[in-house]
Amino acid sequence: MKIATWNVNSIRARLDHVTHWLEVHQPDVLLMQELKGTEFPAEAFAPLGYQAEAVTQKAYNGVAILSRHPIEVVAIALPGDEADGHARYLEVNTNNTRIVNIYLPNGNPVGSPNFGYKLAWMARLAKHMQQWRENNIPVIIGGDFNVIPEDIDCHKPASWIKDALFQPETRGWYRTMLGYGFTDAFRALHPDLGGAFTYWDYFRRAFETNRGIRIDHFLLSPELATRLVRCEIDKEPRSQPKPSDHTPIWVELQ
DNA sequence: ATGCCCATCAGAGATGGA
């Protein structure tokens, strides 16, 4: 089973990029983030053989899951804060697998309410992950984590030292999640590979010079980690005209 | 130290992204 994730930075602006990528790569499941709008074009994916579920809001955020197999929605929001109305979470069962799509808050600038919201969101997610482990529920969590896990995951740590994605608290929560027994799929298969990024700024010729960061991840529970055979970043879409600032990353499970 | 680019909503320029 092949599962991909891609922050598309507006599904409306990226629809042709996404449908083309699906035709070429034929994943079983695609997780998308930053749909940016209330309209989700599910009808564009049906002819390609994909069912769709989406959680949207006006202008901001938004997550969707496409699958070649029937989708059973488990949850459309991360538990733990009834007042949190952001469209950032979608949990489903499809192809006999629990799959969770997240768009974790950015959190900048550090010290603002945004950063507090990010850390609280990470605490809520970590609690949920701990519960999945305690109940031995196999689960794969994919999406835009907005976390640079380690120094190797950015071109120059000094450039990111003040950023919410690279704060000790942010990275600490990510390590806590790994500590519950979850596996960072890409890092597990490419333990020492630097310069492997999923996001590049639109400006400063960041992509051309590979000044990027690795912030789109898959975390696998132990049951699924044993089935992990491949995990790759596909830089090709980021090189196209009018790209998203993120590029897809995918995993293959036996 | 700051803005760069890109997208949304709205119909200009503010806001968010990371």
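Presented here is a report on the structure given in the accompanying data block.

Rules used in this analysis
- Residues numbered from 1 in each chain as written.
- Chains lettered and ligands numbered in written order.
- Predicted model: local features only at pLDDT ≥ 70, side-chain atom pairs only at ≥ 80, totals over all residues.
- Heavy atoms only, no water.
- Helix = DSSP H or I, 4+ residues; strand = E, 2+ residues; numbered from the N terminus.
- Rg over C-alpha atoms; globule rule 2.2 N^0.38 Å.
- Buried < 20%, exposed > 50% of the residue type's maximum accessible area, 1.4 Å probe, protein only.
- Contact = heavy atoms within 4.5 Å.
- Areas by Shrake-Rupley, 256 points an atom, 1.4 Å probe, with all protein chains shown as cover.
- Lys, Arg positive; Asp, Glu negative; His and termini not counted.
- Charge placed at Lys NZ, Arg CZ, Asp CG, Glu CD.
- Phe/Tyr/Trp six-rings, centres within 6.5 Å; stacked < 30°, edge-to-face > 60°.
- Lys NZ or Arg CZ within 6 Å of the ring centre and 35° of its normal.
- 1 Å grid on protein atoms, 1.4 Å probe; cavity = no way out; pocket = protein on both sides within 12 Å on 5 of 7 lines; lining within 4 Å.
- Points joined across faces, edges and corners; volume = space filled by probe spheres on them.
- Nonpolar A, V, L, I, M, F, W, Y, C, P; charged D, E, K, R; others polar.
- Pairing = 2+ DSSP bridges.
- Axes fitted to C-alpha atoms, helices over the stretch in contact; angles between N-to-C directions.
- Near = heavy atom within 4 Å.
- Polar contact = N/O pair within 3.5 Å; in protein donor to acceptor, adjacent residues only side chain to side chain.
- Salt bridge = Lys/Arg side-chain N within 4 Å of Asp/Glu carboxyl O.
- Core = buried A, V, L, I, M, F, W, Y, C linked by side-chain atoms within 4.5 Å.
- Disulfide = S-S within 2.5 Å.

1. A few points about the overall build of chain A
(1) Moving on: For chain A, the helix and strand inventory stands at six helices and 14 strands.
(2) Moving on: Expected size for 254 residues packed as a compact globule is a radius of gyration near 18 Å; at 17 Å, chain A falls within 12% of this value.
(3) Moving on: The dimensions of chain A, computed from C-alpha atoms along their principal axes, are 45 × 45 × 40 Å.
(4) Moving on: Looking at chain A residue by residue over its 254 residues, the buried ones come to 54%.
(5) Moving on: Nonlocal contacts in chain A, meaning residues at least 24 apart in sequence, comprise 68% of its contacts between residues at least 6 apart.
(6) Moving on: If you sum the accessible surface of chain A, you get close to 11000 Å²; carbon and sulfur atoms cover 51% of it.
(7) Moving on: The positive charge centre, built from 26 side chains, and the negative charge centre, built from 30, are 5 Å apart in chain A.

2. Details of the packing of aromatic side chains
(1) Moving on: Scanning all chains against the criterion turns up four aromatic pairs.
(2) Moving on: Against the face of W250 rests K2, its NZ or CZ located 4.2 Å from the ring centre.
(3) Moving on: R171 extends its terminal NZ or CZ atom over the ring of F166, reaching a point 4.0 Å from the ring centre.

3. Remarks on unusual backbone geometry
(1) Moving on: With omega at -5°, the peptide bond leading from N108 into P109 counts as cis.
(2) Moving on: For K36, which is not glycine, the phi torsion reads 60° and is therefore positive.
(3) Moving on: Looking at the secondary structure, you find K36 in the loop between strand 2 (29-33) and strand 3 (51-55).
(4) Moving on: The partly exposed category is assigned to K36, whose relative accessible area is 37%.
(5) Moving on: Its identity is not glycine, yet A59 carries a phi of approximately 70°, on the positive side.
(6) Moving on: Residue class for A59 comes out partly exposed when judged on its relative accessible area of 39%.

4. Some points on the layout of surface pockets
(1) Moving on: In this model, the largest pocket occupies a volume close to 220 Å³.
(2) Moving on: When its residues are assigned to classes, the lining of the largest pocket shows six nonpolar, five polar and four charged.

5. Some remarks on the sheet that holds strand 1 (residues 2-7)
(1) Moving on: Overall, mixed pairing links the six strands, which are arranged 3-4-2-1-14-13 in an open sheet. With one partner strand each, in any of the chains shown, strand 3 and strand 13 (228-233) form the two edges of the open sheet. Neighbour to neighbour, the strand axes of the sheet diverge by 15° on average, direction disregarded.
(2) Moving on: Sheet analysis places strand 13 next to strand 14 (residues 249-253), joined by five bridges and oriented antiparallel. Within strand 14, the residue paired with E232 across the bridge is W250.

6. Digging into the protein's contact with DNA strand B
(1) Moving on: Among the 25 residues in the neighbourhood of DNA strand B, the closest are listed as S10, R14, N106, F203 and I213.
(2) Moving on: By atom count, sugar and phosphate contribute 70% of the portion of DNA strand B lying within 4 Å of the protein.
(3) Moving on: In the environment of DNA strand B, a phosphate oxygen lies 3.0 Å from a nitrogen or oxygen atom belonging to the side chain of R14.

7. So, empty space enclosed by the protein
(1) Moving on: Here the structure, examined in full by the defined rule, presents one cavity of 30 Å³ or more.
(2) Moving on: By volume, the largest cavity is sized at about 50 Å³.
(3) Moving on: If you trace the largest cavity, you find it lined by A77, L78, D84, H86, R88, Y89, W121 and R124.
(4) Moving on: Class assignment of the residues belonging to the lining of the largest cavity gives a composition of four nonpolar, one polar and three charged.

8. Focus on the pattern of salt bridges
(1) Moving on: Throughout the structure, instances matching the rule amount to 10 salt bridges.
(2) Moving on: With a closest N to O distance of 2.6 Å, E91 and R98 form a salt bridge.
(3) Moving on: Its salt-bridge partner being R171, residue D151 comes within 3.2 Å of it at the nearest N-O pair. Placement of the pair is D151 in the loop between strand 8 (140-144) and helix 3 (157-160) and R171 in helix 4 (residues 168-179), with a sequence separation of 20 residues.

9. Remarks on the nonpolar core
(1) Moving on: Formed by 26 residues in total, the largest nonpolar core has its most connected members in I3, I140, F218 and V251.
(2) Moving on: Those elements that place two or more of their residues in this core are strand 2, strand 4 (63-67), strand 6 (89-94), strand 7 (97-103), helix 5 (185-189), strand 12 (216-220), strand 13 and strand 14.
(3) Moving on: Those residues in contact with I140 that sit more than four places away from it in its chain are I3, T97, R98, I99, V100, F218, L219, L220, L224 and V251.
(4) Moving on: In terms of nonpolar packing, the next biggest core, distinct from the first, is built from 20 residues, A75, L104, A126 and M177 among them.

10. Things to note about the state of the cysteines
(1) Moving on: In this structure the tally under the stated criterion is zero disulfides.
(2) Moving on: Distance from the sulfur of C154, which forms no disulfide, to the nearest cysteine sulfur (C231) is 19 Å.

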